[in-house]
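Chain by chain, the residues run as shown.
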Amino acid sequence: MSANAEQTESSVKSMDDIMSLCKRRGFIYPASEIYGGVNGFWDYGPLGAQLKKNLRDAWWTDVVMKGCDGKLGPNGKPVEIVPVDTSIIQNPKVWEASGHVGGFNDPMVDDKETKQRFRADHLFAVYLLEPVNEMKTDEHYFIGGAIERAIPDRTAVGNTPTEALKAICNESTLRKANGIKKLISGIFSGQDHRVGSFATAWVSTSNGERYIACVPLSDGILERRANEVPSPFTGKAGHLTPPRAFNLMFKTVLGATGNMEDNAAYLRPETAQGIFINFKNVVDTTRVAVPFGIAQTGKAFRNEVTPRNFTFRSREFEQMEIEFFCHPDEAAGWYAFWRDWRMEWWQSLGLEGDNLILREHDSDELAHYAKEGAGTSDIEYRFPFTAPGFGELEGIADRTNFDLKQHAEHAGAKLEYFDNTRGELAKNGQPKGERYLPHVIEPSAGLDRGVLALLCEAYTPDPERASGVYMKFHPRLAPIKAAVFPLVKKDGMPEVAAPLAAALRKRFGHLGTIEYDEKQSIGKRYARMDEAGCPFCFTIDGDTLTDNTVTVRHRDTLDQERIAIDSVPDYLAEKLGL
RNA sequence: GCGGGAGUAGCUCAAUGGUAGAGCGUCAGCCUUCCAAGCUGAAUGUUGCGAGUUCGAGUCUCGUCUCCCGCUCCA
């Protein structure tokens, strides 16, 4: 099958059908459904809860207990990871230090007329200036003059002044709204000590040629005089709202009688900070040495503006995070190591092929903590609702020493690490040691997003079979590990099948469900297991009673084989990779 | 938050303003020797919620909630 055909097939999967199966088979329900639901929250049913636990356990086992599943780090040594489980609520100062309270969300401006919304810091002032000869050679002079007028003639939206200027010159509706005929020159981008970055160009207008300059809006203008600022979409003033902050932090109150003013606290928006603020504790009380990582799984909360796409963007979600501490000089090597290994890990769980990609971030989408030029990449899955695009499963970021530095400053704590394997050699031949703030590589995965990706990947329509669809989970993750059926409920078959199920449950029950079912026709029972994603069914039939063999029915291929009943436990263990 | 669409049994869907139904699934019994077979029966609904119009509302109007799509946003 060609790559294109695969793409077509995967994008053909209907999210509605997947959600329907999730509900029907007990993977995921809308939260508070009998009360009409609550936007942005979901409940996991019996199969979903087990699937989620299996994914979390796989991560915990491979990352924490086995240290990257035994893969050696760039220093040639085993990777050391220790776990923590930190509180969802921390001292509110934690979130001030981390930048979440102040900068978590960007103030937004609405154009009430066109109903468009944009980031306040993405709105730029645009000025049309008279062409004077010397102006052509001294852009700074123009810009300096232009910003003397606080209310600009025009405005434009974009990530940068250059982008905004491009939009206003290239899009016909915007050109028309702003009285611009066409762009004559190329766009010049620059940096000015007074206004920051800016962009300029020559354009023709109905009044002849003009010099057009795009610069940041004067500070506070939108807050104080939003009514006078022209809309970037229509050029008309009086329709823009002042910038409004969207509070993505979940506020709560400490103390049974406390009021919100004095006792406000926040539910964590990420599990990472709980790790950073315990860095010193872990270093002081365990025998870890940099480089090492601290891992944690847990719930985090964000008041998303628009929860959307099933569980993909919900307001309560679970993360699986590692903060890996290393010497600044080694950060780049560890970043590449984690990026590549995390990709391999997701692939090992069945998210293979074109539906999974590793994408390095462009420099302009780096988060506030990510150093200029330091790496940030996403592992992304092509969900049915993002296809042909992708949605983020895990981000791997070089956070530098940003967080430790912030906490050291805000808390007044000494968070530097004393590395006694570094530094010049003393007379006795021992290194003198080096004191430094470690850099951090953060592989941060979304557990709920992982589950959703597994559900989407596993969902396999098959008109040939009775169920019409089956869930092709990796056996390691399948919530139901195996099923045991007597072919019919008589002739002594249940008496053989039930003890086999009990034996399997005793050995494998900690990994997932072992089903036993003697009701209804065998085809119906197989079909049910297909929808639940059970990889193996063991069926006791008439022959079992005479030759002690059972039928193994394989979910993905529908193949059947006979094996000795005594070998079933070992057979299953081998298939589960144990 | 804005615009558009939708909401009837677990699921998929019917029902001109006039007694809320079907198929599938689920459950019970019978039957059944390898892929949702068959027979008999059962349970399941304040038609998302709340008002209004009407003799009468699943159907028309308004409000509200939730979901879907598009914007917007997304550490």
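Residues numbered from 1 in each chain as written. Chains lettered and ligands numbered in written order. Predicted model: local features only at pLDDT ≥ 70, side-chain atom pairs only at ≥ 80, totals over all residues. Heavy atoms only, no water.

1. Some words on unusual backbone geometry
Stage number 1. Residue Pro291 is reached from Val290 by a cis peptide bond, and omega for that bond is 5°.
Stage number 2. Relative to the elements of secondary structure, Pro291 occurs in the loop between α12 (279-285) and β14 (292-301).
Stage number 3. Residues other than glycine seldom take positive phi values, yet Asp491 does so here, at roughly 55°.
Stage number 4. Residue position: Asp491 is located in the loop between β24 (480-486) and α16 (493-508).
Stage number 5. With relative accessibility at 52%, the residue Asp491 sits in the exposed group.
Stage number 6. Not every positive phi belongs to a glycine, and Asn548 is a case in point at roughly 60°.
Stage number 7. Summarising the element assignment, Asn548 is placed in the loop between α18 (542-547) and β27 (549-554). (Helix = DSSP H or I, 4+ residues; strand = E, 2+ residues; numbered from the N terminus. Buried < 20%, exposed > 50% of the residue type's maximum accessible area, 1.4 Å probe, protein only.)

2. Notes on the domain arrangement of chain A
Stage number 1. Examined at the domain level, chain A breaks down into domain 1 (9-104 + 251-406 + 440-457), domain 2 (106-246) and domain 3 (466-575).
Stage number 2. Relative to domain 3, the C-alpha centre of domain 1 lies at a distance of 35 Å.
Stage number 3. Of the residues lining the interface, 18 residues belong to domain 1; the matching set on domain 3 comes to 16 residues.
Stage number 4. Summing both sides of the interface, domain 1 and domain 3 together bury roughly 1400 Å²; the carbon and sulfur share of this comes to 61%.
Stage number 5. The partner of Arg24 in a salt bridge is Glu531, with the nearest N and O atoms 2.6 Å apart. (Domains from an automatic or database assignment. Contact = heavy atoms within 4.5 Å. Buried area = accessible area lost by both parts, 1.4 Å probe. Salt bridge = Lys/Arg side-chain N within 4 Å of Asp/Glu carboxyl O.)

3. Focus: the protein's contact with RNA strand B
Stage number 1. Inspection of the region around RNA strand B gives 49 residues, with His100, Arg313, Ala466, Arg528 and Thr551 positioned closest.
Stage number 2. Among the atoms of RNA strand B close to the protein, meaning within 4 Å, 50% are from sugar or phosphate groups.
Stage number 3. Lys23 has a polar side-chain atom sitting 3.1 Å from a phosphate oxygen of RNA strand B.
Stage number 4. Contact between RNA strand B and Leu558: a base nitrogen at 3.1 Å from a main-chain N or O atom of the residue.
Stage number 5. Secondary-structure elements contributing two or more residues to the surface near RNA strand B are α2 (15-24), α5 (100-103), β5 (116-119), α17 (522-532) and β27.
Stage number 6. Considering each element in turn, the surface near RNA strand B owes the most residues, 7 residues, to α17.
Stage number 7. Considered class by class, the residues forming the surface near RNA strand B number 11 nonpolar, 19 polar and 19 charged. (Near = heavy atom within 4 Å. Polar contact = N/O pair within 3.5 Å; in protein donor to acceptor, adjacent residues only side chain to side chain. Nonpolar A, V, L, I, M, F, W, Y, C, P; charged D, E, K, R; others polar.)

4. Considerations on the side chain of Arg555
Stage number 1. Mapped onto the secondary structure, Arg555 falls in the loop between β27 and β28 (560-564).
Stage number 2. Overall, the relative accessible area of 3% leaves Arg555 in the buried class.
Stage number 3. Sequence-distant contacts of Arg555, that is, excluding residues within four places in its chain, are made with Arg465, Tyr470, Met471, Lys472, Phe473, Asp530, Gly533, Cys534 and Pro535.

5. Some remarks on the pattern of salt bridges
Stage number 1. Scanning the model with the defined rule gives 28 salt bridges in all.
Stage number 2. Its salt-bridge partner being Arg339, residue Glu360 comes within 2.6 Å of it at the nearest N-O pair. Of this pair, Glu360 sits in strand β16 (residues 356-360) while Arg339 is found in helix α13 (residues 331-348), placing the two residues 21 residues apart along the sequence.
Stage number 3. Accessibility expressed as a relative area gives 18% for Arg339, which makes it buried.
Stage number 4. Members of the salt-bridge network, linked through shared partners, are Lys52, Arg56, Glu318 and Asp448.

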